[in-house]
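For reference, the chains in residue letters:
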Amino acid sequence: MKLEIIDLRVEVAGKEIIKGVTATFEKGKTVALMGPNGSGKSTLALALAGHPKYKITKGKILLDGKDITKETPDSRAKNGLFLSFQHPQEITGVNLSTFLRSSLQNVKGKKIDVMDFHKLLKEKMAELGIEEQFKQRYLNVGFSGGEKKRMEILQLSLLEPKYAILDETDSGLDVDSLRLVCDAVNKVKKKDMGIVLITHYNRILKFIQPDQVHVLYKGKIVKSGGKELAHEIEENGFKGYLGDE
Ligand code: ADP
Ligand code: MG
């Protein structure tokens, strides 16, 4: 069971950003995708999720052997792929619980009874230590950075995808919020998911242990290694892996 990216090239606004990336993400394993700002990490994530602006010009994506390169974002989600955004959207008029129920119904492809859903939601919120009052609030409106990230992990734990790509789940969080978010990720991680943790800091990797680390730079993987690579990067920065600095 794996998510494979084979020689992927991605263009955004007419410019090639991802320049031939090959990587494999296995179920049950956590891979950290690191790299300085502007390396193309979010571009790769959005292309994997099927964002229409991020055009795959070459290569393919296989999800458990199935070619999803040309599938819609919706179909990718139904096949078990989940992306948490670097910048979660705020939606006035839609409360968190309505949003989560419709997203779960969409992924499962069937209606879910309101009472059943609320029972499930209550369980998951308790598991992740999220207060009940959030259910009624408009999605992400007025939420702190840390709260938005935790709501994404709540969505993740409800959807139970096979593969989850978490884009800068650590960005903008103070240490306490980071710990809460990481605890939440570690809880859902137990469900045998494949996790791709995108980050440009090592600090999240203190809380969530990666099995493998890739460094992306200028649209290419320039270095791969085990978790010790993340420690090396913390000590020395990305210099030395980038080739041109
Ligand atoms: P990272 O997530 O590693 O910081 P990004 O994938 O966000 O990097 O950005 C990589 C490059 O792609 C940057 O030069 C960025 O300006 C460009 N890029 C990303 N998204 C867009 C977009 N929607 N329109 C134009 N350029 C984009
Ligand atoms: Mg990014």
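Source: prediction; values computed, not measured. Starting afresh in each chain, residues are numbered from 1 along the sequence in its written order. Labels are handed out in written order, letters beginning with A for the chains and numbers beginning with 1 for the ligands. In keeping with the predicted nature of the model, local features appear solely for residues at pLDDT of at least 70, side-chain atom pairs appear and are counted solely at 80 or more, and the whole-chain, interface and lining totals rest on all residues. To get the side-chain values, all heavy atoms of the structure are used, and hydrogens and water are removed first.

Attention now goes to the overall build of the chain. Numbering of helices and strands runs from the N terminus, with a helix taken as a DSSP run of H or I at least four residues long and a strand as a DSSP run of E at least two residues long. Within the chain, the regular secondary structure consists of 8 helices and 12 strands. A radius of gyration in this sense is built from C-alpha atoms; the matching globule rule multiplies 2.2 Å by the number of residues raised to 0.38. Taking 2.2 N^0.38 as the reference for a compact globule, 245 residues should give roughly 18 Å; the C-alpha atoms of the chain span a radius of gyration of 18 Å, in line with that estimate. Burial classes follow relative accessibility: with a 1.4 Å probe on protein chains only, a residue under 20% of its type's maximum area counts as buried, one over 50% as exposed, and anything between as partly exposed. When the 245 residues of the chain are sorted by exposure, 49% land in the buried category. Surface accessibility follows the Shrake-Rupley procedure with a 1.4 Å probe radius. Residue values consider only the protein chains on display as shielding. When the accessible surface of the chain is totalled, it reaches about 11,700 Å², and 50% of it is carbon and sulfur. The centroid of the 40 positive side-chain charges in the chain is displaced by 3 Å from the centroid of its 33 negative side-chain charges. By the counting scheme adopted, Arg and Lys are positive, Glu and Asp are negative, and His together with the chain ends is not counted. Each charge is placed at NZ for Lys, CZ for Arg, CG for Asp and CD for Glu.

Take the pattern of salt bridges next. Definition used for salt bridges: Asp or Glu carboxyl oxygen within 4 Å of a side-chain nitrogen of Lys or Arg. Following the criterion strictly, the structure yields 11 salt bridges and no others. As a salt-bridge pair, K29 and E26 come within 3.9 Å of each other at their nearest N and O atoms. Look at E26 and you get partly exposed, because its relative accessible area is 39%. For K135, the salt bridge goes to E132, with nearest N and O atoms at 3.4 Å. Judged by its relative accessible area of 10%, K135 falls in the buried class. Since its relative accessible area comes to 44%, E132 is described here as partly exposed. One continuous salt-bridge network, built from bridges that share partners, spans K122, E132 and K135.

This brings us to the environment of G38. Mapped onto the elements of the fold, G38 is located in the loop between β3 (30–34) and α1 (41–49). Residue class for G38 comes out exposed when judged on its relative accessible area of 76%. With 181 residues separating them along the chain, G38 and G219 place their C-alpha atoms 8.9 Å apart.

Here we take up the sheet that holds strand β1 (residues 2–12). An order of β2-β1-β4-β5 is seen for the 4 strands of this open sheet, with the pairing classed as antiparallel. The strands lining the two open edges of the sheet, one partner per strand, are β2 (15–26) and β5 (66–67). Two strands form a pair only when DSSP identifies at least two bridges running between them.

Moving on, we get to the side chain of T43. Structurally, T43 is set in helix α1. Overall, the relative accessible area of 12% leaves T43 in the buried class. When checking whether two residues touch, look at their non-hydrogen atoms; a contact exists if any pair is within 4.5 Å. Leaving out residues up to four positions away in the same chain, T43 has contacts with V10, V12, I17, I18 and Y54.

Here we take up unusual backbone geometry. One non-glycine residue with positive phi stands out, namely D64, at about 50 degrees. Take D64: it is sitting in the loop between β4 (54–63) and β5. With a relative accessible area of 26%, D64 lands in the partly exposed category. For E168, which is not a glycine, the phi torsion comes out positive at approximately 50 degrees. Here E168 lies in the loop between β9 (163–167) and α6 (175–189).

For helix α8 (residues 227–236), the complete set of buried residues consists of L229, A230 and I233. Buried residues in α8, looked at end-on, bunch into an arc of 100 degrees, giving them a common side. As for α8, its buried residues are in contact with β3, α7 (204–207), β11 (212–217) and β12 (220–225). Once α8 ends, the next one or two residues include G237, with phi positive near 75 degrees. To be clear, the arc concerns the directions from the helix axis to the C-beta atoms.

These values are about where atoms sit, not about what they do.
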